[in-house]
Amino acid sequence: LSVDKSGTIQKAFMVIGGVKLGPFVAPKTTAYLKSKPLNAETLQAAVQVLNSELQAEKKLRREESKQKAKGLSPGTSPQLEPPFQYRLSLALTCFYKSFLAAVVNYSPDGEKALPASVRSAY
(Lines give C-alpha, C1' and ligand atoms only; values in the text may rest on other atoms or scores of the structure.)
Protein backbone atom coordinates (compact mmCIF):
# COMPACT_ATOMS: atom_id res chain seq x y z
CA LEU A 1 0.00 0.00 0.00
CA SER A 2 1.39 3.38 -0.98
CA VAL A 3 -0.32 6.44 0.48
CA ASP A 4 0.44 10.12 -0.17
CA LYS A 5 0.61 12.81 2.52
CA SER A 6 -3.07 13.66 2.17
CA GLY A 7 -4.06 10.06 2.93
CA THR A 8 -4.95 9.08 -0.64
CA ILE A 9 -4.03 5.58 -1.78
CA GLN A 10 -1.59 5.79 -4.67
CA LYS A 11 -0.86 2.07 -5.16
CA ALA A 12 -2.21 -1.12 -3.68
CA PHE A 13 -1.33 -4.77 -4.18
CA MET A 14 -2.94 -7.65 -2.38
CA VAL A 15 -2.06 -11.33 -2.27
CA ILE A 16 -3.92 -13.65 0.09
CA GLY A 17 -2.83 -17.15 1.01
CA GLY A 18 -5.04 -20.04 2.03
CA VAL A 19 -7.97 -19.17 -0.22
CA LYS A 20 -6.91 -21.60 -2.91
CA LEU A 21 -3.93 -23.73 -3.79
CA GLY A 22 -1.35 -21.03 -4.40
CA PRO A 23 -1.68 -17.29 -3.88
CA PHE A 24 -4.94 -15.45 -4.51
CA VAL A 25 -4.41 -12.05 -6.12
CA ALA A 26 -7.30 -9.58 -5.82
CA PRO A 27 -6.98 -7.31 -8.89
CA LYS A 28 -10.47 -5.78 -8.68
CA THR A 29 -9.99 -4.83 -5.05
CA THR A 30 -6.58 -3.29 -5.62
CA ALA A 31 -7.90 -1.39 -8.67
CA TYR A 32 -10.80 -0.11 -6.57
CA LEU A 33 -8.45 1.18 -3.85
CA LYS A 34 -6.31 3.30 -6.19
CA SER A 35 -6.91 7.05 -5.73
CA LYS A 36 -9.36 6.49 -2.88
CA PRO A 37 -9.01 8.16 0.53
CA LEU A 38 -7.70 5.99 3.32
CA ASN A 39 -10.83 6.00 5.49
CA ALA A 40 -13.64 3.84 6.87
CA GLU A 41 -15.93 4.45 3.87
CA THR A 42 -13.27 3.17 1.47
CA LEU A 43 -12.74 0.17 3.73
CA GLN A 44 -16.43 -0.76 3.71
CA ALA A 45 -16.65 -0.56 -0.07
CA ALA A 46 -13.35 -2.41 -0.58
CA VAL A 47 -14.55 -5.26 1.66
CA GLN A 48 -17.57 -5.63 -0.64
CA VAL A 49 -15.36 -5.72 -3.74
CA LEU A 50 -13.04 -8.27 -2.14
CA ASN A 51 -16.00 -10.36 -1.03
CA SER A 52 -17.31 -10.49 -4.62
CA GLU A 53 -13.87 -11.59 -5.86
CA LEU A 54 -13.71 -14.29 -3.21
CA GLN A 55 -17.24 -15.47 -3.99
CA ALA A 56 -16.24 -15.86 -7.65
CA GLU A 57 -13.27 -17.94 -6.49
CA LYS A 58 -15.63 -20.01 -4.35
CA LYS A 59 -17.75 -20.85 -7.41
CA LEU A 60 -14.64 -21.82 -9.36
CA ARG A 61 -13.40 -24.02 -6.50
CA ARG A 62 -16.81 -25.72 -6.25
CA GLU A 63 -16.66 -26.64 -9.94
CA GLU A 64 -13.07 -27.90 -9.57
CA SER A 65 -14.14 -30.07 -6.62
CA LYS A 66 -16.98 -31.59 -8.64
CA GLN A 67 -14.59 -32.42 -11.46
CA LYS A 68 -12.08 -34.00 -9.06
CA ALA A 69 -14.81 -36.04 -7.37
CA LYS A 70 -15.86 -37.47 -10.72
CA GLY A 71 -12.32 -38.76 -11.27
CA LEU A 72 -11.91 -40.46 -7.86
CA SER A 73 -11.54 -44.22 -7.72
CA PRO A 74 -14.11 -46.15 -5.65
CA GLY A 75 -13.17 -46.05 -1.96
CA THR A 76 -11.02 -42.93 -2.42
CA SER A 77 -11.95 -39.82 -0.50
CA PRO A 78 -11.18 -36.24 -1.54
CA GLN A 79 -8.42 -34.32 0.25
CA LEU A 80 -9.75 -32.68 3.40
CA GLU A 81 -9.33 -28.93 3.70
CA PRO A 82 -11.00 -26.25 5.80
CA PRO A 83 -14.41 -25.21 4.46
CA PHE A 84 -14.16 -22.41 1.93
CA GLN A 85 -16.52 -20.17 3.90
CA TYR A 86 -14.09 -20.32 6.84
CA ARG A 87 -11.14 -19.39 4.58
CA LEU A 88 -13.18 -16.59 3.00
CA SER A 89 -14.01 -15.22 6.45
CA LEU A 90 -10.34 -15.29 7.45
CA ALA A 91 -9.31 -13.47 4.27
CA LEU A 92 -11.89 -10.72 4.78
CA THR A 93 -10.99 -10.33 8.45
CA CYS A 94 -7.26 -10.09 7.71
CA PHE A 95 -7.90 -7.47 5.03
CA TYR A 96 -10.20 -5.51 7.35
CA LYS A 97 -7.70 -5.42 10.22
CA SER A 98 -4.80 -4.59 7.88
CA PHE A 99 -6.74 -1.71 6.38
CA LEU A 100 -7.61 -0.36 9.84
CA ALA A 101 -3.93 -0.46 10.76
CA ALA A 102 -3.08 1.38 7.52
CA VAL A 103 -5.63 4.10 8.35
CA VAL A 104 -4.14 4.58 11.81
CA ASN A 105 -0.54 4.54 10.56
CA TYR A 106 -0.82 6.48 7.28
CA SER A 107 -3.86 8.75 7.49
CA PRO A 108 -3.12 12.36 8.47
CA ASP A 109 -5.80 12.05 11.18
CA GLY A 110 -4.50 8.72 12.47
CA GLU A 111 -6.90 6.87 14.74
CA LYS A 112 -9.33 9.80 14.62
CA ALA A 113 -10.03 8.91 10.97
CA LEU A 114 -11.82 5.77 12.21
CA PRO A 115 -15.34 5.89 13.58
CA ALA A 116 -15.47 4.95 17.27
CA SER A 117 -17.51 1.86 16.34
CA VAL A 118 -14.53 0.26 14.54
CA ARG A 119 -11.60 1.52 16.63
CA SER A 120 -11.77 -1.49 18.92
CA ALA A 121 -11.17 -3.77 15.93
CA TYR A 122 -7.83 -2.09 15.39
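Now for a description of the structure that goes with this document. (Residues numbered from 1 in each chain as written. Predicted model: local features only at pLDDT ≥ 70, side-chain atom pairs only at ≥ 80, totals over all residues. Heavy atoms only, no water.)

1. So, the nonpolar core
Now for step 1: In this structure, Ile-16, Val-19, Phe-24, Leu-50, Leu-54, Phe-95 and Phe-99 are the most contacted members of the largest nonpolar core, which totals 25 residues.
Now for step 2: When contributions to this core are tallied by element, the ones reaching two or more residues are β3 (15–20), α2 (40–70) and α3 (84–106).
Now for step 3: Residue contributions to this core peak at 10 residues, all from α3.
Now for step 4: Setting aside its immediate chain neighbours within four residues, Leu-54 contacts Val-19, Phe-24, Phe-84, Leu-88, Ala-91 and Leu-92. (Core = buried A, V, L, I, M, F, W, Y, C linked by side-chain atoms within 4.5 Å. Buried < 20%, exposed > 50% of the residue type's maximum accessible area, 1.4 Å probe, protein only. Helix = DSSP H or I, 4+ residues; strand = E, 2+ residues; numbered from the N terminus. Contact = heavy atoms within 4.5 Å.)

2. Focus on α3
Now for step 1: With 23 residues, α3 should reach 33 Å at 1.5 Å per residue; the first-to-last C-alpha distance of 32 Å fits that figure.
Now for step 2: Of the residues making up α3, those classed as buried are Phe-84, Arg-87, Leu-88, Ala-91, Leu-92, Phe-95, Phe-99, Leu-100, Ala-102, Val-103 and Val-104. (Expected span 1.5 Å × (residues − 1).)

3. As for the pairing of β3
Now for step 1: The pairing of β3 with strand β4 (residues 22–25) spans three bridges and is antiparallel. Residue pairing for β4: Ile-16 is matched across the bridge by Phe-24.
Now for step 2: Counting the residues between successive antiparallel strands, the hairpin from β3 to β4 contains one residue. (Pairing = 2+ DSSP bridges.)

4. Quick notes on the environment of Ala-26
Now for step 1: Secondary-structure assignment places Ala-26 in the loop between β4 and α1 (27–33).
Now for step 2: Overall, the relative accessible area of 0% leaves Ala-26 in the buried class.
Now for step 3: C-alpha separation for the pair Ala-26 and Glu-53, spaced 27 residues apart in sequence, amounts to 6.9 Å.
Now for step 4: Contacts of Ala-26, omitting those with residues within four sequence positions, involve Met-14, Leu-50 and Glu-53.

5. A few points about the packing of aromatic side chains
Now for step 1: As enumerated under the stated definition, the model contains one aromatic pair in all.
Now for step 2: The residue whose ring lies beneath Lys-36 is Tyr-32, and the NZ or CZ to ring-centre distance is 4.3 Å. (Phe/Tyr/Trp six-rings, centres within 6.5 Å; stacked < 30°, edge-to-face > 60°. Lys NZ or Arg CZ within 6 Å of the ring centre and 35° of its normal.)

6. As for unusual backbone geometry
Excluding glycine, a negative phi dihedral is what most residues carry, and trans is how most peptide bonds are arranged.
Now for step 1: Phi at Ser-35 takes a positive value of approximately 70 degrees, unusual for a residue other than glycine.
Now for step 2: Counting through the fold element by element, Ser-35 comes out in the loop between α1 and α2.
Now for step 3: Note on Ser-35: relative accessible area 56%, which makes it exposed.

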